[in-house]
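Coordinates in review
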Amino acid sequence: MTAVIHGGKPLGLFALILCSRFPLEWRRLRLAQEIQGLRIVQVLPELNAGGVERGTVEFARFLVEQGHESIVISAGGRQVALLEQEGSRHIAFPVHKKSLWSFTKVRSLRRLLDSIDADIVHVRSRMPAWLVWLAIGRRPRARRPGLVSTFHGLYSVNGYSAIMGCGDRVIAISECVRDYIVGNYPKVSPAKITLVHRGVDRRLFPADFQVNAEWREAFFSQYPELANKPLLLMPGRLSRWKGQTEFIDLMASLKADGIDCHGLIVGGPSPGKEEYEQELKQRVAAEGLSEMITFLGHRNDIANLYGISRLVLNLSQHPEPFGRTVIEALAVGTPVVAFNSGGPAESLAACFPEGLVADGDMSTLKAKVTELLASTPAVQLSEEFTLATQAGKTVQVYQQVLAGRGDVV
């Protein structure tokens, strides 16, 4: 008798009889199985700071709330506690090291994944994708979990990066990323690429967001020089391509024109790149901007910072795949100004096109910031860029993978 599989798990004899003799009952049985939920494993290097990491934790929360079983495999990190608190299971495994040593762990990972018996394994980074593919990817589709990969970045075009096309389905987080995959990875069929924009959790960034009164009082007590100032917020990891240098140039230009405002640089450097932070601070001091720019470092209160800011800036020097800070700020109603390139431009064009500036045009940037400081533009985030939409589309991709696998061996 043919074995029937749904979500990687065999159904009983009674189900087999129903399937063969009563097609309607088979469809009802399939629906009942789906209602019970899927077992989803997400695999990424670590669970520390970063957009991929935050997105993984947020999506895991959604899966749990929708009745699915959520498991995350990573080398660990400071967000593990939150992940587990919200109902997911974390399994520590060394999938983070970009070295030949990592490939010695393939057999152990295979045993681990076999013991989990997942419906879907979702890989979110290159080294984990390689390890998962070597562990289970070459098995017949019906004898392994469905594989989904997400292109979170515009990866360098080489054999190492090509593994991100290994999935039964491939998710692109923006039109920019989708076009990049199609243009640079010809072995990835466009038919298996699905565009799923990253989304904001509306519970954390609601449209009617109000800054916490106690937080406001404490913040301005710590930084009294910021009180009653129009604040320009520059959030993001401190990196040479992220645009902090251009932000400092902008502030210097605004000061020269007598524009009353104060700049906030939020974010810390990547490990081992601390010298760049010192370089930025030295430049601010050398240009006489110490009373006009404040470095806040890494923060966990970004929603409140959006809420007290008049404008948020995104000045990346080469196209970003998405740009989470753009949609977070727009979600709480704070206008964003960004260069017209990459993923950030896509979300801004859809929600607040007034904030777009020609890529690298510093003169127009200053004019646009000056204009928006003098007005109070209305901002509304499209539902396309919410977590609910993102998560729902991702689960649809999972269901397509399982349906495409046939669920019948």
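Presented here is an overview of the structure given in this document. The shown structure was predicted, so the numbers you read here are calculated from the model rather than taken from an experiment.

What to know about the sheet that holds strand β5 (residues 89–92)
Strand order in the open sheet formed by seven strands is β5-β4-β3-β6-β7-β8-β9, with parallel pairing between adjacent strands. Strands at the two margins of the open sheet, each flanked by one partner only, are β5 and β9 (193–195). Taken over all neighbouring pairs, the strand axes of this sheet differ in orientation by 25 degrees on average, direction set aside. Across four bridges, strand β7 (residues 146–151) lies against strand β8 (residues 169–172) in parallel orientation. By the bridge assignment, V148 is partnered in β8 with R169. This element, helix α3 (residues 51–65), spans β3 (39–43) and β4 (69–74) of the sheet and lies at about 175 degrees to β3. Against the sheet, helix α5 (residues 106–116) engages β3, β4, β5 and β6 (120–123), with an angle of about 170 degrees to β4.

A short note on the side chain of R61
Position of R61 relative to the elements: it lies in helix α3. Once residues within four sequence positions are removed from consideration, R61 is found in contact with E86, D201, R203 and L387.

Thoughts on the nonpolar core
One finds I73, V121, L232, L313 and V369 to be the most contacted residues of the largest nonpolar core, which totals 97 residues. Considering every element that reaches this core, the biggest residue donor is helix α6 (residues 126–137), with six residues. Core analysis: the second largest hydrophobic core is formed by 15 residues, I171, A391, V395 and V397 among them.

Considering the sheet that holds strand β10 (residues 231–235)
Taken in spatial order, the six strands of this open sheet run β12-β11-β10-β13-β14-β15, and their pairing is parallel. The open sheet has two edge strands with one neighbour each: β12 (293–297) and β15 (356–357). Relative to strand β13 (residues 311–314), β10 is paired through two bridges, and the arrangement is parallel. Bridge assignment links L233 to a residue of β13, and that residue is V312.

Conventions we followed
- Position labels on residues start from 1 in each chain and follow its written sequence.
- Local features are withheld for residues below a pLDDT of 70 in this predicted model, meaning they are given only at 70 or higher, and side-chain atom pairs are given and counted only at 80 or more; totals for whole chains, interfaces and linings count all residues.
- Side-chain measures were taken over the full set of non-hydrogen atoms in the model, leaving aside hydrogen atoms and water.
- For two strands to be treated as a pair, DSSP must find no fewer than two bridges joining them.
- Working definition: helices are DSSP H or I runs of at least four residues, strands are E runs of at least two. Numbering for both runs from the N terminus.
- Note on geometry: axes are lines fitted to C-alpha atoms, helical ones only across the stretch in contact, with angles between N-to-C directions running from 0 to 180 degrees.
- Residues count as neighbours in contact if any of their non-hydrogen atoms are within 4.5 Å of one another.
- The definition of a nonpolar core used throughout is a set of buried Ala, Val, Leu, Ile, Met, Phe, Trp, Tyr and Cys residues joined through side-chain atoms within 4.5 Å.
- Throughout, exposure labels follow a simple rule: accessible area from a 1.4 Å probe, protein chains only, divided by the maximum for the residue type, with under 20% read as buried, over 50% as exposed, and the rest as partly exposed.

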